[in-house]
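# Topology and contacts: notes
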Amino acid sequence: MRIEEFHALARAGRPGWSGEAAAKARSFLGPSGPKPVLVWLEFNACSGDTISMLNATQPGLGQVLSELVAAAYWNGLMPAEGEAALAALMSAVERGGYFLAVEGAVPLRQGGLYAVPFIAGGRPAPAIEVFKAAEAGAAQIIAVGTCAAFGGPSAARPNPSDSRGVWEITNRPVINVSGCPINPDWVVGTLVHLILFGPPELDRYRRPVFLYGNTIHAHCQRRSYYDLGRFAGELGGAECMFSQGCMGPITGADCPYRLWNDHLNWPVKAGTPCIGCTKSGFPDKSSPFYTPLPQKLRAGLKGEGSDA
Ligand code: SF4
Ligand code: F3S
């Protein structure tokens, strides 16, 4: 598969595009060849990204984990726990060369004690220490979800734990796969891109352009209502959601054709506005959620530009 074909598939708006691309990656890896190792760490987060990954289809998460990557550590999903889980993580870190997926922000206040993934050697291991131990051996760091990418809800005002996005605490290259939560296709697509072509082209927020390069507004099915000036009078209305606080005009993501829940629906089609969950300023700069964008801008969103 050429990179142009991969990007065309991503733009085609066909459910299961990542399934087709993943099949190419599987044949590239070969049936018995070694698969890239995945280490998935969770810090200040709600586990929403792990839960969203359980909703992956075409391919399903089982296929991803059996045919595309070998998960050495994923605290939310692995059967091992306690010492055995820790040993699996240590062993992967010693070998190195893994994709390091980070879910959740990294808190820095009080030595990072607001997020303690586990106890090691009889003492709490704060997220910042765990990340620093794991980053050196990573072939690629992927920040999964808006908390890991930009701080997200974990860093929302007044951010009492001083939570940060991963790119703020490392000098290593980071791919930000933002979203609250992520669409599973965005993670699978990024993994496939890494396997087949290496790191994707990134935008100024270090997000893959093939996923976040267009605004929601550019492909929204209600765009004709917007152009005609016909706006919904309430949530659930049939017309454009701009009147209900839609951030689609300045939010980069492919939700209108990527779709969610087994490629079934997305926020605007369900009658709610896009609240800009992939943006670097989410949720503070999307608030108040159901207030039209011009009023949000007047209330202090200034400087929050368009993603794409
Ligand atoms: Fe744009 Fe939102 Fe209206 Fe869709 S609902 S046309 S994204 S403003
Ligand atoms: Fe998020 Fe907007 Fe898509 S809120 S899920 S980027 S439609």
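Above: the structure in question.
Quick summary incoming for the structure in this document. (Residues numbered from 1 in each chain as written. Chains lettered and ligands numbered in written order. Predicted model: local features only at pLDDT ≥ 70, side-chain atom pairs only at ≥ 80, totals over all residues. Heavy atoms only, no water.)

This part is about the nonpolar core. Leu-68, Trp-186 and Val-192 are the most contacted members of the largest nonpolar core, which has 50 residues in total. The element best represented in this core is helix α8 (residues 184-197), accounting for 8 residues. Of the residues that make up this core, three or more belong to each of domain 1 (3-212) and domain 2 (216-296). Those residues in contact with Leu-68 that lie beyond four places of it in its chain are Ala-22, Ala-25, Arg-26, Leu-29, Lys-35, Pro-36, Gln-63, Val-188, Val-192 and Ile-195. The next biggest cluster of nonpolar side chains, apart from the first, holds 32 residues, and it includes Ala-92, Leu-100, Phe-131 and Ile-141. (Core = buried A, V, L, I, M, F, W, Y, C linked by side-chain atoms within 4.5 Å. Buried < 20%, exposed > 50% of the residue type's maximum accessible area, 1.4 Å probe, protein only. Helix = DSSP H or I, 4+ residues; strand = E, 2+ residues; numbered from the N terminus. Domains from an automatic or database assignment. Contact = heavy atoms within 4.5 Å.)

Turning next to the side chain of His-193. With respect to the secondary-structure elements, His-193 resides in helix α8. The class for His-193 is buried, based on a relative accessible area of 1%. If we ignore the near neighbours within four places in the chain, the residues touching His-193 are Ile-3, Phe-6, His-7, Gly-198, Pro-199, Pro-200 and Phe-210.

Let's shift gears to empty space enclosed by the protein. As enumerated under the stated definition, the model contains 3 cavities of 30 Å³ or more in all. One number sums up the size of the largest cavity: a volume of about 90 Å³. Lining the largest cavity are 13 residues, with His-217, Cys-220, Cys-240, Met-241 and Cys-246 positioned closest to its centre. Those elements giving two or more residues to the lining of the largest cavity turn out to be α10 (216-219) and α11 (223-228). For the lining of the largest cavity, the per-class residue count stands at 9 nonpolar, 2 polar and 2 charged. (1 Å grid on protein atoms, 1.4 Å probe; cavity = no way out; pocket = protein on both sides within 12 Å on 5 of 7 lines; lining within 4 Å. Points joined across faces, edges and corners; volume = space filled by probe spheres on them. Nonpolar A, V, L, I, M, F, W, Y, C, P; charged D, E, K, R; others polar.)

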